Amino acid sequence: MAPLFVLLGLLPLAFAGHDYGQALTKSILYFEAQRSGYLPSTQRVQWRSNSGLDDGKANGVDLVGGYYDAGDNVKFGLPMAFTITMLSWSVVEYGTQISGSGELGHAMDAIKWGTDYLIKAHTEPNVLYGEVGDGDSDHYCWQRPEDMTTSRQAYRIDTNHPGSDLAGETAAAMAAASIVFSHSNPSYATELLTHAQQLFEFADKYRGKYDSSITVAQKYYQSVSGYFDELLWAAAWLYKATNNQYYLSYLGKNGDAFGGTGWDMTEFSWDVKYAGVQTLVAKLLMGGKAGQYTPVFERYQEKAESFMCSCLGKGSKSVQKTPGGLIFRQSWNNLQFVTSSSFLLAVYSDYLTSAGKNLNCASGSVPASELLSLAKSQVDYILGDNPRATSYMVGYGTNYPQQVHHRGSSIISIKVDSSFVTCRGGYATWYASKSSDPNLLTGAIVGGPDAYDNFADERENYEQTEPATYNNAPLLGLLARLNGGHSGYNQLLPVATAVPRSRPNTAPVTKTTPAQGSSSASSIAIEQKTTTSWNYKGNTYYRYSTIVTNKSDKSLTDLNLSISNLYGPLWGLTKSGGTYSFPSWLNSLPAGKSLEFVYISASQADVSVSSYTLV
């Protein structure tokens, strides 16, 4: 069976040297430090307190909540929405791995803190509030968010002041989040989808750049790439969330005109979404969903692969790297590009592996595993494998930034000293201090080193020491992927994300143990089908989908399946000894519900029920 594993790119990688699980836990914790509004009883970052409680009041709306974007106290809508999209994509792709790390609940909390705010900000179908506060007045002051005296004026887009990029990204965030909550909170997922569809229609019908309408954003989050990329990005996420052919057609009909098939990208960021769109569309193509738009989707994929090859240095152009091997885009907050690009590298590696394909570069065919290796090298650099031996994640390792450019972490907690910190007084007392931060901003990814791997840990060095939510969001899924190693999953299949559950408290009322070989008992139905096949070195391999359905009127627990004549990898079940059971995120199967697992083999395996419990 060696050819099969070579074909799938499943050769083992050495996921060692860093505690990716610990880094994952810390990276999620950072989002709690960035919260605005009334903090919940479950708040773990204890040095923070309530803030921004009058946000939106001057405009007659409730805009309490959401996230501060970086080291300041402004709520910028475009990067916040992108943060939520990337947190959601992390869970959509690697929810099983995040769950295995015990962090799925916290990840979903981080997403919902953002989407709850985005729902508030979308007050009418064609009205979206895109900023609270402004950068100029905020940057004049150095105050913790609990004390801020700066303007909390809110700014919006509407039919007379459009913002297709902002509305499109917010639609993408809500659509992606709806997938995350579709199983654990279906009513909330439906609410998110309604907002997403309205926002997409608003973005598409009333076109314009948001920073032409919300001009105070221009100095801080200018939409340089325009809005065509966000329209395609939103359509891709809405298709994933709804399976509505309208959005697939939108991608097919507008791919050429909107640049989705034309731009060879070397970055992926809160502003420029093309590489993300191209990656998502390539997945649709590899999953057999392109239909009549196959030629267009192939052009999207060519550009996706161009991005991947550029990162590897094996394309027609190459992404710049520091002497220490870090992807380098710009001196100001460079690590945002590193985490987002590395996430794309990892997911595309998994897409190719699932499809049994290699990457096509100008230098020739490249194994999918090289993409994952590059992504891993970037994460390892961030965590300390670099010329300075510095961890650029605050609180991870022993040598990490101590003077972070962040108002909240640099000023003593209001819970420790409630003395009011004035606007300019904060600069004199806290900003100018050469001492380490009084509050640890655990998990924050700072801006990072320059083009020559140099880094100055100084609070005023905002280009290198300021963190941002969109630095961390892509890293969530990437750390989960690396921590999970090569646990079984198939990225080309839909992923059902479940919130962690506990087992039912009721006692079993019946228990049945069918005889070996009984593939379909009265309570359980098993259906297998071939989904695709391919030839490799004279051998034919098949991917099989197996649906297990609970036909009883009770919940099914403790399911054990016997699978024999299996000659390849299997995804979607947990192996324990000689049998297979529910995946780690699932404890029971309700009446009438089904689960799916897949495997690759030269012939169909024998699947039978060994034991189960009905409660």
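Just so we're clear, the structure is a prediction, and the values are computed from it rather than from any experiment.

Cut-off values and rules
Residues numbered from 1 in each chain as written. Predicted model: local features only at pLDDT ≥ 70, side-chain atom pairs only at ≥ 80, totals over all residues. Heavy atoms only, no water. Phe/Tyr/Trp six-rings, centres within 6.5 Å; stacked < 30°, edge-to-face > 60°. Helix = DSSP H or I, 4+ residues; strand = E, 2+ residues; numbered from the N terminus. Buried < 20%, exposed > 50% of the residue type's maximum accessible area, 1.4 Å probe, protein only. Lys NZ or Arg CZ within 6 Å of the ring centre and 35° of its normal. Axes fitted to C-alpha atoms, helices over the stretch in contact; angles between N-to-C directions. Parallel < 35°, antiparallel > 145°, perpendicular 65-115°, else oblique. Contact = heavy atoms within 4.5 Å. Nonpolar A, V, L, I, M, F, W, Y, C, P; charged D, E, K, R; others polar. Disulfide = S-S within 2.5 Å. Expected span 1.5 Å × (residues − 1). Polar contact = N/O pair within 3.5 Å; in protein donor to acceptor, adjacent residues only side chain to side chain.

A. Highlighting the packing of aromatic side chains. According to the stated counting rule, one finds 32 aromatic pairs in the structure shown. Ring geometry for Phe82 and Phe268: centres 5.6 Å apart, planes at 75°, overall edge-to-face. Highlighted residues: Phe82 in helix H3 (residues 77-100) and Phe268 in the loop between helix H10 (245-254) and helix H11 (274-286), separated in sequence by 186 residues. With respect to class, Phe82 is no different from Phe268; both count as buried. Taken together, Phe82, Trp89, Tyr94, Trp233, Trp237, Phe268 and Phe343 form an aromatic cluster joined through their ring pairs. Taking NZ or CZ as reference, Lys112 lies 4.7 Å from the ring centre of Tyr188, over its face.

B. Highlighting the packing of helix H14 (residues 369-383) against helix H18 (residues 469-484). Relative orientation of the contacting elements H14 and H18 amounts to 110°, with a least axis distance of 11 Å. Considered as vectors, H14 and H18 are oriented roughly perpendicular to each other. Contacts between H14 and H18 pair Leu372, Ala375, Lys376, Val379 and Leu383 from the former with Leu475, Leu478, Leu479, Arg481 and Leu482 from the latter. Grouping the amino acids of the contact of H14 with H18 by side-chain chemistry returns 8 nonpolar, no polar and 2 charged.

C. Broad picture of the state of the cysteines. Overall, the coordinates contain 2 disulfides when judged by the stated rule. What pairs with Cys309 in a disulfide is Cys361, and their sulfur atoms sit 2.0 Å apart. On the sign convention where negative means left-handed, the S-S torsion of about -90° between Cys309 and Cys361 marks this disulfide as left-handed. Of this pair, Cys309 sits in helix H12 (residues 294-312) while Cys361 sits in strand S4 (residues 359-361), placing them 52 residues apart in sequence. With respect to class, Cys309 is no different from Cys361; both count as buried. Each disulfide of the protein chain joins two cysteines, and with those cysteines numbered along the sequence the arrangement is 1-4, 2-3.

D. Main features of helix H2 (residues 20-33). In a regular helix each residue adds 1.5 Å, so 14 residues correspond to 20 Å; H2 covers 21 Å between its end C-alpha atoms and thus fits that length. Along H2, 12 of the 14 residues are buried, which leaves the element largely enclosed by surrounding structure. Those residues of H2 that are buried lie in contact with H3, helix H4 (104-121), H14 and H18. You can read the cap of H2 off the contacts: a side-chain oxygen lies 3.3 Å from the backbone nitrogen of Gly21, and it is on Asp19.

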